[in-house]
Amino acid sequence: MRISDHALWGVGGTVRSMTSSYPTLSLHVAGHWLTQASGGERVVINPATEEPLARLPLAGPAELAAAAESAQRGFEQWRRVRPHDRYVTLRRAAELLRQRADEIATVLTLEQGKPLAEAKREVTLSADIIDVQAEEAKRLYGRGVAPRVDGILSHTVTRVPVGPVAAFTPWNFPVNLPSRKLGSALAAGCSVVIKPAEETPASCMLLVRCFLDAGVPPDAINMVCGDPAQVSSFLIERPEIAKVSVTGSVAVGKLLGEQAARHVKRFTGELGGHAPVIVAEDMAEGAGLDFVLKQSVTAKYRNAGQVCASPIRFYVPRAQLAVFSERFAAAAQKLQLGSGLDAATQMGPLSHARRIDDMERFVDDAVGQGARLLTGGHRVARPGFFFEPTVFAEAPASTRLMQQEPFGPIAVIQPYDTLDAAIEQANALPYGLGAYAFTRDLHTAHRLGEAIEAGMVGINHFGVSQPELPFGGIRESGIGHEQGPEGITHYTEIKTITVGRPF
Ligand SMILES: NC(=O)c1ccc[n+]([C@@H]2O[C@H](COP(=O)([O-])OP(=O)(O)OC[C@H]3O[C@@H](n4cnc5c(N)ncnc54)[C@H](O)[C@@H]3O)[C@@H](O)[C@H]2O)c1
Ligand SMILES: O=S(=O)(O)c1ccc(CO)cc1
């Protein structure tokens, strides 16, 4: 069925899902699941087939105001729940997420496109993230400071929840990224109005259900979708909202950061990156090269390259450029593309049609400026938003590819003459999220770990994102962290209470 076929939609005024394993979509506002809202609706598309999955109701000002008011009520209620009880409730939510992992992973793949195994891993890892943040609810320690002035009995420095949070998340990890925000904010005692990406709303909706079924008060989580610019402007201006937390592009992060600053609201931005990979000489041949290539190709094309910390720029010694590029391109070319529901698929489609246009712009610009296209570069001629795994070599620094995050299946391999030169090129962009290097020499490992400027540096491994670790970037890649003890503190304020002798 194509988008133009409306016959199966809405029966008797209700909004129906069009695929049996995809749910009917609703917003969660003021404790009610809404299948209709005043902002109209849009269609959610399966990126592997371009067929419609369901209609998504969109919030207008009435629902957004109701969500903000509800979040205030939810905050008053949830902040009073003892940390240990918050911990118990959040652990229960994580367990429900695990129990529902198969169903949620299928929905995730249907609306986002990634292979089912990747979707399942995302869901179970999200449960682990919620578990870790639940533990942190019990560890929001304060400190006592000895008074220096007569008449004062105590100074207690405490952390208190910041208040209702407006959270915005993209479509590339539609369960993981809302889990990071909801897990930390709820653990801290905040309520949340979350706006997931309109392309992938069902994943977040099913996640929110886990929290509510676990016992989080209905007013403590509101979920809205709508016109992104209108929703964010509206919510950020609302007096109830105390903090803005966005995961997304640098451009949107800057915009929302400015809006938050105008109202002196707390802000966390987890934004884009442009991860470099430096391959030291001692890993550029033999078994070392085999290892680097295997890890790199897997990491590069995971989620079709739509990962904020995805490796993009590979720096290899000039003498090894030819062999590294040829083998990288050959491995990329062999990847099996297809629907994420097909077990043989190694790379799914891009998540929406605009990503294809963007990939084509990156490729045209790079080719036009003389970069060598080794493989790929085109949309795949079949239904769905499939784009070939693409590899460039020797792209001029002026290309869009070498300056902006492609956020898709495009890699670029660059030669270097000295390790210092490679480090300089790795640090040349205004981003600093993920960065990687490969070496078997301990001294070089330490040198690279120290010299590469990024929030997360992986040496000989791409696994920099783990539930217990802070996730975040420096420079334009963001402000603040998510996950772990660092993640929860961003949802708190410091409050100092001084108690004097009454008489
Ligand atoms: N650092 C991280 O943790 C991290 C993780 C995942 C993705 N990302 C980044 O996210 C980007 C890809 O996601 P995207 O393209 O959906 O990001 P995006 O910036 O377009 O959107 C992110 C979220 O903000 C919302 N939004 C709010 N106000 C908006 C406005 N005025 N205009 C547009 N959107 C608005 C969007 O609807 C969405 O929910 C990439 O740059 C990627 O690197 C970063
Ligand atoms: O799957 S993870 O490696 O934990 C991961 C990495 C990056 C992001 C954000 O794009 C989400 C999950």
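Just so it is clear, the model here is predicted, and its values are computed rather than measured.

### Here we look at the domain arrangement of the protein
Then comes step 1: Taken domain by domain, the protein comprises domain 1 (61-271 + 479-493) and domain 2 (275-466).
Then comes step 2: Computed from C-alpha atoms alone, the centre-to-centre distance between domain 1 and domain 2 is 31 Å.
Then comes step 3: Taken together, the 18 residues of domain 1 in the interface contact 21 residues of domain 2.
Then comes step 4: Between domain 1 and domain 2, the buried area comes to about 1600 Å², and carbon and sulfur atoms account for 53% of it.
Then comes step 5: For the interface between domain 1 and domain 2, the tally reads 1 salt bridge.
Then comes step 6: Of the charged contacts, one joins Arg354 and Glu199 as a salt bridge, the two residues approaching to 3.1 Å between their closest N and O atoms.

### Regarding unusual backbone geometry
Then comes step 1: In the Ramachandran plot, Val264 falls in the positive-phi region, its phi being about 50° despite a non-glycine side chain.
Then comes step 2: Looking at the element boundaries, Val264 is found in the loop between helix 8 (250-262) and strand 11 (266-270).

### Some thoughts on the site of ligand 1
Then comes step 1: Taken together, 26 residues form the shell around ligand 1, and within it Thr169, Lys195, Ser249, Leu271 and Glu405 come nearest.
Then comes step 2: Pro228 has a polar backbone atom sitting 3.4 Å from a nitrogen atom of ligand 1.
Then comes step 3: Summarising the interface, the protein chains cover 87% of the accessible area of ligand 1, which totals 840 Å² for the free molecule.
Then comes step 4: Elements with a minimum of two residues in the shell around ligand 1: helix 5 (176-188), helix 7 (228-237) and helix 8.

### Focus on helix 1 (residues 61-78)
Then comes step 1: If you check helix 1, its first and last C-alpha atoms are 25 Å apart, about what 18 residues at 1.5 Å a residue would give, namely 26 Å.
Then comes step 2: All buried positions along helix 1 are accounted for by Glu63, Leu64, Ala65, Ala67, Ala68, Ser70, Ala71, Gly74, Phe75 and Trp78.

### Comments concerning the packing of aromatic side chains
Then comes step 1: Counted by the stated rule, this structure contains 8 aromatic pairs.
Then comes step 2: Through pairs of rings, three or more aromatic residues link up here, namely Phe291, Tyr436, Phe438 and Phe462.
Then comes step 3: Note that Lys243 overlies the ring of Tyr491, its terminal NZ or CZ placed 5.0 Å from the centroid.
Then comes step 4: Lying over the aromatic face of Phe386, Arg382 brings its terminal NZ or CZ to 4.3 Å of the ring centre.

### Examining the layout of surface pockets
Then comes step 1: The volume enclosed by the second largest pocket comes to roughly 250 Å³.
Then comes step 2: Taken together, Pro115, Ala117, Glu118, Val297, Thr298, Tyr301, Arg302, Ala331, Lys334, Leu335, Thr345 and Gln346 form the lining of the second largest pocket.
Then comes step 3: Put simply, the parts of the chain that give the lining of the second largest pocket at least two residues each are helix 4 (116-137) and helix 9 (286-301).
Then comes step 4: For the lining of the second largest pocket, the leading source of residues is helix 9, giving 3 residues.
Then comes step 5: Considered class by class, the residues forming the lining of the second largest pocket number 6 nonpolar, 3 polar and 3 charged.
Then comes step 6: The residues that make up the lining of the second largest pocket include at least three from each of domain 1 (61-271 + 479-493) and domain 2 (275-466).

### Side note on the site of ligand 2
Then comes step 1: For ligand 2, the full set of nearby residues is Arg121, Asn172, Phe173, Asn176, Arg180, Arg302, Val307, Cys308, Ser465 and Phe471.
Then comes step 2: Here an oxygen atom of ligand 2 sits 3.2 Å away from a polar atom, N or O, in the side chain of Asn172.
Then comes step 3: At a separation of 3.1 Å, an oxygen atom of ligand 2 approaches a polar backbone atom of Cys308.
Then comes step 4: Here ligand 2 has 320 Å² of accessible area as a free molecule, and 92% of this is covered by the chains.
Then comes step 5: Class assignment of the residues belonging to the shell around ligand 2 gives a composition of 4 nonpolar, 3 polar and 3 charged.
Then comes step 6: Looking at which domains feed residues into the shell around ligand 2, each of domain 1 (61-271 + 479-493) and domain 2 (275-466) gives three or more.

### Comments concerning the UniProt feature "domain: Aldehyde dehydrogenase" (unreviewed entry) in the protein
Then comes step 1: In the UniProt entry, the feature "domain: Aldehyde dehydrogenase" (unreviewed entry) is given for residues 34-497.
Then comes step 2: Across residues 34-497 one finds 41% helix and 19% strand; the C-alpha atoms that close the span lie 42 Å apart.

### Some details on the pairing of strand 7 (residues 165-168)
Then comes step 1: Across the two faces of strand 7 the burial is the same, with Val165 and Ala167 and Ala166 and Phe168 all buried.
Then comes step 2: Relative to strand 8 (residues 192-195), strand 7 runs parallel, the two sharing 4 bridges. Among the inter-strand pairings, Ala166 is bridged to a residue of strand 8, identified as Val193.
Then comes step 3: Crossover connection from strand 7 via helix 5 to parallel strand 8: handedness right-handed.
Then comes step 4: Summarising the sheet, strand 7 and strand 10 (residues 243-247) pair through 4 bridges and their orientation is parallel. From the neighbouring strand, Val165 faces strand 10, where its bridge partner is Lys243.

### Examining the nonpolar core
Then comes step 1: Judged by nonpolar contacts, the single largest core of 80 residues is most densely connected at Tyr22, Leu90, Leu182, Leu186, Phe211 and Val224.
Then comes step 2: It is helix 6 (residues 201-214) that provides the largest number of residues to this core, a total of 10 residues.
Then comes step 3: Not counting residues within four places of it along the chain, the set of residues in contact with Leu186 comprises Trp78, Arg86, Leu90, Phe211, Val216, Ala220 and Ile221.
Then comes step 4: By size, the runner-up hydrophobic cluster in this structure holds 63 residues, among which are Leu289, Cys308, Ile356 and Phe438.

### A word on helix 5
Residue pairs three or four apart in sequence face the same way in an α-helix, which turns once every 3.6 residues.
Then comes step 1: If you check helix 5, its first and last C-alpha atoms are 18 Å apart, about what 13 residues at 1.5 Å a residue would give, namely 18 Å.
Then comes step 2: Backbone geometry just after helix 5 places Gly189 at a positive phi near 100°.

### Overview of the sheet that holds strand 13 (residues 311-317)
Then comes step 1: Read from one edge to the other, the open sheet built from 7 strands follows the order 14-15-16-13-12-17-18, with strand pairing classed as mixed. Since the sheet does not close on itself, it has two edges, and those belong to strand 14 (372-375) and strand 18 (456-459), each with one partner. Taken over all neighbouring pairs, the strand axes of this sheet differ in orientation by 20° on average, direction set aside.
Then comes step 2: The pairing of strand 12 (residues 275-279) with strand 13 spans 4 bridges and is parallel.

### Section: the environment of Arg148
Then comes step 1: Inspection of the secondary structure assignment puts Arg148 in the loop between strand 5 (143-145) and strand 6 (152-161).
Then comes step 2: Spatially, the C-alpha atom of Arg148 lies 43 Å from that of Ser70, the residues being 78 residues apart in sequence.

Rules used in this analysis
- Residues numbered from 1 in each chain as written.
- Chains lettered and ligands numbered in written order.
- Predicted model: local features only at pLDDT ≥ 70, side-chain atom pairs only at ≥ 80, totals over all residues.
- Heavy atoms only, no water.
- Domains from an automatic or database assignment.
- Contact = heavy atoms within 4.5 Å.
- Buried area = accessible area lost by both parts, 1.4 Å probe.
- Salt bridge = Lys/Arg side-chain N within 4 Å of Asp/Glu carboxyl O.
- Helix = DSSP H or I, 4+ residues; strand = E, 2+ residues; numbered from the N terminus.
- Near = heavy atom within 4 Å.
- Polar contact = N/O pair within 3.5 Å; in protein donor to acceptor, adjacent residues only side chain to side chain.
- Areas by Shrake-Rupley, 256 points an atom, 1.4 Å probe, with all protein chains shown as cover.
- Expected span 1.5 Å × (residues − 1).
- Buried < 20%, exposed > 50% of the residue type's maximum accessible area, 1.4 Å probe, protein only.
- Phe/Tyr/Trp six-rings, centres within 6.5 Å; stacked < 30°, edge-to-face > 60°.
- Lys NZ or Arg CZ within 6 Å of the ring centre and 35° of its normal.
- 1 Å grid on protein atoms, 1.4 Å probe; cavity = no way out; pocket = protein on both sides within 12 Å on 5 of 7 lines; lining within 4 Å.
- Points joined across faces, edges and corners; volume = space filled by probe spheres on them.
- Nonpolar A, V, L, I, M, F, W, Y, C, P; charged D, E, K, R; others polar.
- UniProt positions renumbered as here; feature names shortened; annotations may be inferred.
- Pairing = 2+ DSSP bridges.
- Right-handed = clockwise from strand over helix to strand, strands pointing away.
- Core = buried A, V, L, I, M, F, W, Y, C linked by side-chain atoms within 4.5 Å.
- Axes fitted to C-alpha atoms, helices over the stretch in contact; angles between N-to-C directions.

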